[in-house]
Amino acid sequence: MRAIDIIEKTKNKIPLTEQEIKWFIDEYVKDNIKDYQVSSWLMAVCINGLSKDETYYLTKAMLYSGDTIDLSSIKGIKVDKHSTGGVGDKVSLVLGPLVAACGCKFAKFSGRGLGHTGGTLDKLESIPGLTINLSEKDFINQVQDINIAIIGQTKNLVPADKKLYALRDVTSTVNSLPLIASSIMSKKLASGSDIICLDVKYGSGAFMKTIEEATELSNLMIDIAHKNNKKVIAFISDMNKPLGKAIGNKLEVLEAINCLKGGGPKDLEDLVVTIASYMIYYSNLSDSLNNAKSLALEKLKNGDAYNRFIKLIKHQKSKISSFESFINIKEIIPLKSKENGYIEEINALDLGINAMLLGAGREKKEDPIDPDVGILLNYQVGDYVKKDDILLYIYKNDKWDKNIIDNLYKAYKFTNKKLTKTEIIKKIIL
Ligand code: URA
């Protein structure tokens, strides 16, 4: 086989066989195919797409490009969750401890943030002393003991995705449904959980801009899961506006703690509690979705979910005793409203990009981040503000860009009409 024939076929919309896709991925992982040839194929996929079968073969080739994790020694049903990426997305920090407190086995390999989107590992690592590096044995033991572990991907888990993702990132080939579906599902299938909940985000701050695109991606991932005999539930959620009020690593940890103690914000709590209900119900820990929801709400109110979070961070070696002076910041700049009205829009992409400019996120994979900086909203979409009310606070250390203030003002739209608040989850696909 020759790489050029594979590229030629996709360029001419001729379907590839399973053997061809497996050969291409295997040889690329072994460095026998050059980046420039794979880039060319990725661009052909972006333009012409792949069939459902080809997407499945690609996922399979990526899945078996390295180690797979065997969680069978953990008793019970193992649950995992993945978000397609968003702004202010601290769902895993709340959902994991919450479902663990309800009896689920939450075994999660997380990722880092890139561009305007945040990553769970960066948020966890902002907690002093916490490690996201556990051996497979310690990971399994921890899930067995306290029902939860959240760590970074082990070195040899889906090496094909590591190489492909790095290449996609610099060749404008991230945004393709078959490439996103195979990237996510190969990692989720390799991680060994029984039930996978996918938080598929759509809107300005997400990869998918419309509900239709998010639905198509969900169906593609569900199809791959079914072919692998896995249960997948997709939650299509709104990422036109940031999730909650905090953007930036430590600010998001504090907001997650507030939510774990039953204090909201409502959009975050609604999203978490809905996903938790499905995890609890499908783990056979409740006889109905309604009872599962009541159990989740009870655990947020009675302190069990928060206590499980403390257990998680202690097990992962953090010695923190209080979150009171958690944030070290040189300056907090309030941004005042220039007008009266209901907030119609807070553009998630704009907020994510400006948080990144402050140092909360990284433009390139190797960039350092500043865990203390970020943006804290004072109001959310639908709220009424008067002129001079503080819209948000900018948490600033050394990184700054002269356009940040203007950019943030431009992210807002106001209206005179009272808005009806909309649900955060638009669709659930089983
Ligand atoms: N998240 C992933 O893991 N892969 C993608 O391709 C996009 C989002």
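### Details of the site of the ligand
In step 1: By nearness alone, every residue bordering the ligand is listed as H82, Y165, R168, I180, S183, I184, K187 and F207.
In step 2: S183 has a polar side-chain atom sitting 2.7 Å from a nitrogen atom of the ligand.
In step 3: Here an oxygen atom of the ligand and a side-chain polar atom of K187 are 2.5 Å apart.
In step 4: Isolated, the ligand exposes 240 Å² of accessible area, and the fraction of that covered by the protein chains is 92%.

### Details of the sheet that holds strand β11 (residues 390-396)
In step 1: If you walk across this open sheet you meet the four strands as β6-β9-β11-β7, and the pairing is antiparallel. Each edge of the open sheet carries a strand with a single partner, namely β6 (246-247) and β7 (331-336).
In step 2: Pairing geometry for strand β9 (residues 374-377) and β11, over four bridges, is antiparallel. Looking at β11, one finds that I375 is bridged to I394.

### Focus on helix α13 (residues 289-301)
In step 1: Between its terminal C-alpha atoms α13 stretches 19 Å, which fits the 18 Å expected from 13 residues at 1.5 Å a residue.
In step 2: Buried within α13 we find A292, A296, K299 and L300. The buried residues of α13 all sit within an arc of 105° when viewed along its axis, so they share a single face. More than 90 degrees from the buried face of α13, the exposed residues found are N290 and K301.
In step 3: Among the structural elements, α5 (91-101), α11 (249-260), α12 (266-282) and α14 (304-315) are those in contact with the buried residues of α13.
In step 4: Backbone geometry just after α13 places G303 at a positive phi near 90°.

### Structural notes on the pattern of salt bridges
In step 1: Here the structure, examined in full by the defined rule, presents 27 salt bridges.
In step 2: Across the pair K163 and D31 runs a salt bridge whose closest N-O atoms are separated by 2.4 Å. One end of the pair, K163, is in helix α8 (residues 159-170); the other, D31, is in the loop between α2 (18-29) and α3 (35-48), and 132 residues separate them in sequence.
In step 3: D31 sits in the exposed class, given a relative accessible area of 55%.
In step 4: D383 is the salt-bridge partner of K421, the closest N and O atoms lying 3.2 Å from each other. Residue K421 is located in the loop between β12 (412-415) and β13 (425-429), and its partner D383 is located in the loop between β9 and β10 (384-385); the two are separated by 38 residues in the primary sequence.

### Here's the deal with the domain arrangement of the protein chain
In step 1: Along its sequence, the protein chain is carved into domain 1 (3-49), domain 2 (78-159 + 172-315) and domain 3 (331-415).
In step 2: Domain 1 and domain 3 are separated by 41 Å when their C-alpha centres are compared.

Cut-offs applied
Residues numbered from 1 in each chain as written. Predicted model: local features only at pLDDT ≥ 70, side-chain atom pairs only at ≥ 80, totals over all residues. Heavy atoms only, no water. Near = heavy atom within 4 Å. Polar contact = N/O pair within 3.5 Å; in protein donor to acceptor, adjacent residues only side chain to side chain. Areas by Shrake-Rupley, 256 points an atom, 1.4 Å probe, with all protein chains shown as cover. Pairing = 2+ DSSP bridges. Helix = DSSP H or I, 4+ residues; strand = E, 2+ residues; numbered from the N terminus. Expected span 1.5 Å × (residues − 1). Buried < 20%, exposed > 50% of the residue type's maximum accessible area, 1.4 Å probe, protein only. Arc of directions from axis to C-beta. Contact = heavy atoms within 4.5 Å. Salt bridge = Lys/Arg side-chain N within 4 Å of Asp/Glu carboxyl O. Domains from an automatic or database assignment.

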